[in-house]
There are 2 protein chains.
Amino acid sequence: MAASIEDVARLAGVSIATVSRALRGLPDVATATRDRVLDAATELHYVASPFAARLASGRTATVGLVVPWVNRWFFAEVIDKVETALRTSGYDLLLYNLGDARGRGRFFEQLPMRKRVDAMLIASLVMDEQEFTALGALPYPVGLLGMRRPGFLSTCIDDVAGARTAVEHLLERGHRRIGLIGGDADDPMRYTPPLSRHDGYRDALAAAGIEADPQLEAVGYFTVEGGAEAAARLLALPHRPSAIFAESDEMAYGALRSIARAGLRVPEDVAVIGFDDHVLAELMDLSTIRQPVAAQALDITTRLLAAVADPDLVDTEAVTMPTELIVRATTGTFRPGG
Amino acid sequence: MAASIEDVARLAGVSIATVSRALRGLPDVATATRDRVLDAATELHYVASPFAARLASGRTATVGLVVPWVNRWFFAEVIDKVETALRTSGYDLLLYNLGDARGRGRFFEQLPMRKRVDAMLIASLVMDEQEFTALGALPYPVGLLGMRRPGFLSTCIDDVAGARTAVEHLLERGHRRIGLIGGDADDPMRYTPPLSRHDGYRDALAAAGIEADPQLEAVGYFTVEGGAEAAARLLALPHRPSAIFAESDEMAYGALRSIARAGLRVPEDVAVIGFDDHVLAELMDLSTIRQPVAAQALDITTRLLAAVADPDLVDTEAVTMPTELIVRATTGTFRPGG
DNA sequence: CTGTTAGCGCTTTCAA
DNA sequence: TTGAAAGCGCTAACAG
């Protein structure tokens, strides 16, 4: 049986209150006493029971992280960075993976983390009024990563501007017929990037005086396989696009495969640009819009923990981080008709 | 303030003990009573405080998952599958990311999850006697994913055999000078695949009567970048290999890039085979050794939860799942000298 | 600076 | 089938 605070108190010859204080590094403990307590704790391999501590103090030393999927590059990266930041500050990470729309529904219905964390961080979800209200009613700070909302801590990039930049890059290269590979607008998961990146695509075309052609917008479900199928559909059009903007690098990879299998060259026959600067983008020589994943994760985690430490001083200003156009071979120097 | 069990008891007109029993679905509660309690709980949006429940019952309804890294494909996949399996059974996932050797050291020194989970699952670590002893002394079942050890629940693949198969495939294709891209043998993280896959490589060569040439063994650190650099070194050898076995697909991708940049063809000049069947392997047309990640994760999680439910019936037989050779273009049909 | 004591919100005997 | 009451192992006033 593991040692309890009483065992330590007995061995050190003090009361359990003193043990508690000494071990937590509170002031007003004589150095000699503290040393005796620490020695006793070490000798008994004592660690406080987190549940008892939480029940008594009300603080959980845990932050909940909610992601729509864990096995997609962006989220794996986010989990990594958030976990490290939390661990460094002495917090545990409770991971909640929505997985699909049903899981998402269950989550908002039950808010299973309601009573078990000191703060919650949610990534990349489009939420409705009711959902925001539910989150806002939680008795602790809630942070948003990848979206913004007045009253909540939030850190994100400007997805619309990023997508616009990508399409403008293609326009500058002389492309006029630009295909889009995006997410499913009706996906009940309501994941943010498909919506905002789609807007950016439309904006850029409109600014260039090009009418959007629904035929050129294919659904790739944000997966490699989906991107490949979407590209195949675009390539099969009577008048196929000369360039494709994929809303994620993973879909762009799939597109590259379909283009190659169709016997076409990149960028001569079809130029391709993705979004994210995924770890393999450089390897694939894929032009893309880079977004700072680690910096976003670190920023929101740090501010969230600050809000936990001092709830009165919550910094709910939305932080927007810059994206960057990375030009590689898939949008090369080739200009259609030029 | 959130409702407590007392509020529910008062509203339902019963004692808190009855509320507790009714809500947990214990037998010996009159149907009418149970309904009244459920109604009251719903009305008050009551959820039991997990900490109080844990303190009182000793059960945490949480499983700890320890991984060396979270942002590598294999582990992201494992986390996803384990999380889903746990969630389905009503367990929370507490994620612990070692990150580096220091983090690993801290973990085994402090065993921070010691008192906060009902079971622990550790993935892909080579552990020493002392570490196994520490884990074995935990008051709950510990599962191993990707390694085996008598007395512990474990599920893994036969990495040695998988690597042997990969190299045998190259040998059958007529290659005699086969390079290896692996991990760093001195890496203090002590991650399992580099060791066992290296053994498989050596075994296959020995069985074919080929003497291992240390020059042909390059360190790629299990990253794309590392794989690229390792391949560049192999290609720069006076007598370069005609084939390369990379211990992970991610390193193989890097190798493919270096080969292409060196102006060489795959598989004519250099054949390449990886390991894992990473999500992009098919896209890259990479031959590889497929391992069942989801099946392994599900198997160990299920058995671990069974052990939690009935500690007397722990099934410590090691389960070994099959790997499969997937032949694609990078080992093509080309035969050197043939 | 240290000890006493009253909870934190549940679960779990034990009695009724 | 239900209720009373004793903890679970800590933290946090409050006293001294």
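Cut-off values and rules
Residues numbered from 1 in each chain as written. Chains lettered and ligands numbered in written order. Predicted model: local features only at pLDDT ≥ 70, side-chain atom pairs only at ≥ 80, totals over all residues. Heavy atoms only, no water. Contact = heavy atoms within 4.5 Å. Buried area = accessible area lost by both parts, 1.4 Å probe. Salt bridge = Lys/Arg side-chain N within 4 Å of Asp/Glu carboxyl O. Polar contact = N/O pair within 3.5 Å; in protein donor to acceptor, adjacent residues only side chain to side chain. Helix = DSSP H or I, 4+ residues; strand = E, 2+ residues; numbered from the N terminus. Near = heavy atom within 4 Å. Nonpolar A, V, L, I, M, F, W, Y, C, P; charged D, E, K, R; others polar. Axes fitted to C-alpha atoms, helices over the stretch in contact; angles between N-to-C directions. Parallel < 35°, antiparallel > 145°, perpendicular 65-115°, else oblique. Least-squares fit on C-alpha atoms with pLDDT ≥ 70 in both. Buried < 20%, exposed > 50% of the residue type's maximum accessible area, 1.4 Å probe, protein only. Pairing = 2+ DSSP bridges. Right-handed = clockwise from strand over helix to strand, strands pointing away. Core = buried A, V, L, I, M, F, W, Y, C linked by side-chain atoms within 4.5 Å. Expected span 1.5 Å × (residues − 1). Domains from an automatic or database assignment.

Quick notes on the interface of chain B and chain A
- Contact with chain B, which involves 43 residues of that partner, is made by 43 residues of chain A.
- Area buried by chain B at its contact with chain A is led by B:Phe51, B:Lys115 and B:Leu283, which between them contribute 19% of it.
- Viewed at the interface, chain A and chain B are joined by six salt bridges.
- With a shortest N-O distance of 4.0 Å, A:Glu282 and B:Arg257 are connected by a salt bridge.
- If you look at where chain B meets chain A, you find 16 residue pairs in polar contact (both at pLDDT 80 or more).
- A total of eight residues in the side of chain B that touches chain A trace back to one element, the largest contributor, which is helix α5 (residues 73-88) of chain B.

Comments concerning the protein's contact with DNA strand D
- If you check the shell around DNA strand D, you find 25 residues, and the closest are A:Ser20, B:Thr18, B:Arg21, B:Ala30 and B:Thr33.
- The contact atoms of DNA strand D, taken as those within 4 Å of the protein, divide so that sugar and phosphate hold 68%.
- Within the side chain of A:Ser20, an N or O atom sits 2.4 Å from a phosphate oxygen of DNA strand D.
- Within the contact set of DNA strand D, a phosphate oxygen lies 3.0 Å away from a side-chain nitrogen or oxygen of B:Asp28.
- Those elements giving two or more residues to the surface near DNA strand D turn out to be α2 (16-23) and α4 (50-57) of chain A together with α2 (16-23) and α4 (50-57) of chain B.
- A breakdown of the residues in the surface near DNA strand D according to their chemical character gives 14 nonpolar, seven polar and four charged.

Observations regarding the protein's contact with DNA strand C
- Near DNA strand C there are 26 residues, and of these A:Thr18, A:Arg21, A:Thr33, B:Ile5 and B:Ser20 occur at the shortest range.
- When the atoms of DNA strand C within 4 Å of the protein are grouped by moiety, sugar and phosphate amount to 66% of the total.
- In this structure, A:Asp28 approaches DNA strand C through a side-chain N or O atom, which is 3.4 Å from a phosphate oxygen.
- Among the elements of the structure, α2 and α4 of chain A together with α2 and α4 of chain B are those that each provide at least two residues to the surface near DNA strand C.
- Residue composition of the surface near DNA strand C, by class: 14 nonpolar, seven polar and five charged.

Some thoughts on the packing of α2(B) against helix α3 (residues 31-43) of chain B
Residues and elements named next belong to chain B.
- At a minimum axis distance of 9 Å, the contact between α2 and α3 shows a crossing angle of 90°. Comparing the axis directions of α2 and α3 gives the class roughly perpendicular. In contact with Thr 18, Val 19, Arg 21, Ala 22 and Leu 23 of α2, α3 contributes Thr 33, Arg 34, Val 37, Leu 38 and Ala 41.
- Here the contact of α2 with α3 is composed, by residue class, of six nonpolar, two polar and two charged.

A short note on the relation of the copies chain B and chain A
- Structural alignment of chain B on chain A gives an RMSD of 0.1 Å, achieved by rotating through 180° and translating 0.0 Å along the axis. Given the turn and translation reported, the copies of this chain are related as if by a two-fold rotation axis.
- Interface residue correspondence from chain B to chain A reaches 100%, placing this contact among same-surface, isologous pairings.

Quick notes on the pairing of strand β1 (residues 62-67) of chain B
Residues and elements named next belong to chain B.
- Burial analysis of β1 places six of its six residues in the buried class, which makes it a mostly covered element.
- Bridge analysis of β1 against strand β2 (residues 92-97) gives six bridges, and the strand direction is parallel. Residue pairing across strands places Val 63 opposite Leu 93, the latter belonging to β2.
- On the question of chirality, the crossover connecting β1 to the parallel β2 by way of α5 is right-handed.
- Of the pairings in the sheet, the one linking β1 to strand β3 (residues 119-123) comprises four bridges and is parallel in character.

Focus on the nonpolar core
- Counting 189 residues, the largest nonpolar core has A:Met120, A:Leu135, A:Phe245, B:Met120, B:Leu135 and B:Phe245 as the members making the most contacts within it.
- Once residues lying within four places of it in the same chain are set aside, the contact partners of B:Met120 are B:Gly64, B:Val66, B:Phe107, B:Met113, B:Leu135, B:Leu138, B:Tyr140, B:Pro141, B:Val142, B:Gly143 and B:Leu304.

A look at the sheet that holds strand β7 (residues 217-219) of chain B
Residues and elements named next belong to chain B.
- In spatial order, the strands read β7-β6-β8-β9; together these four strands make up an open sheet with parallel pairing. Every other strand in the sheet has two partners, leaving β7 and β9 (271-273) as the edge strands with one partner each. The average angle at which neighbouring strand axes cross in this sheet is 20°, direction not considered.
- One ladder, built from four bridges, connects strand β6 (residues 178-182) with strand β8 (residues 243-246); its direction is parallel. Along β8, the bridge assignment pairs Ile 181 with Ala 246.
- Together, β6, β7 and β8 form the strand contacts of helix α9 (residues 192-207), whose direction differs from that of β6 by roughly 170°.

Things to note about helix α8 (residues 159-172) of chain A
All names here are of chain A.
- Compared with the 20 Å implied by 1.5 Å per residue over 14 residues, the 20 Å span of α8 between its first and last C-alpha is a close match.
- The complete set of buried residues in α8 reads Asp 159, Val 160, Gly 162, Ala 163, Ala 166, Val 167, His 169, Leu 170 and Leu 171.
- Directly beyond the C-terminal end of α8, a positive phi value near 100° is found at Gly 174.

Some thoughts on the sheet that holds strand β6 (residues 178-182) of chain A
Residues and elements named next belong to chain A.
- With respect to topology, four strands assemble into an open sheet ordered β7-β6-β8-β9, the strand pairing being parallel. If you trace the sheet from one side to the other, it starts and ends with β7 (217-219) and β9 (271-273), each paired once. Here the strands of the sheet are splayed against their neighbours by 20° on average, with no regard to which way each runs.
- Judged from the three bridges that link them, β6 and β7 form a sheet pairing that is parallel.

Brief notes about the pattern of salt bridges
- Applying the stated criterion across every chain, the model contains 49 salt bridges over all chains.
- Each of A:Arg54, A:Glu83, A:Arg87, A:Asp92 and B:Arg116 takes part in salt bridges that share partners, so that together they form one network.

As for the domain arrangement of chain A
Residues and elements named next belong to chain A.
- Domains assigned within chain A are domain 1 (5-57), domain 2 (62-157 + 292-321) and domain 3 (159-291 + 325-331).
- On a C-alpha basis, the centres of domain 2 and domain 3 stand 29 Å from each other.
- Opposite the 22 residues of domain 2 that make contact, domain 3 presents 19 residues.
- Carbon and sulfur atoms supply 61% of the area that domain 2 and domain 3 bury against each other, a total of about 1,600 Å² over both sides.

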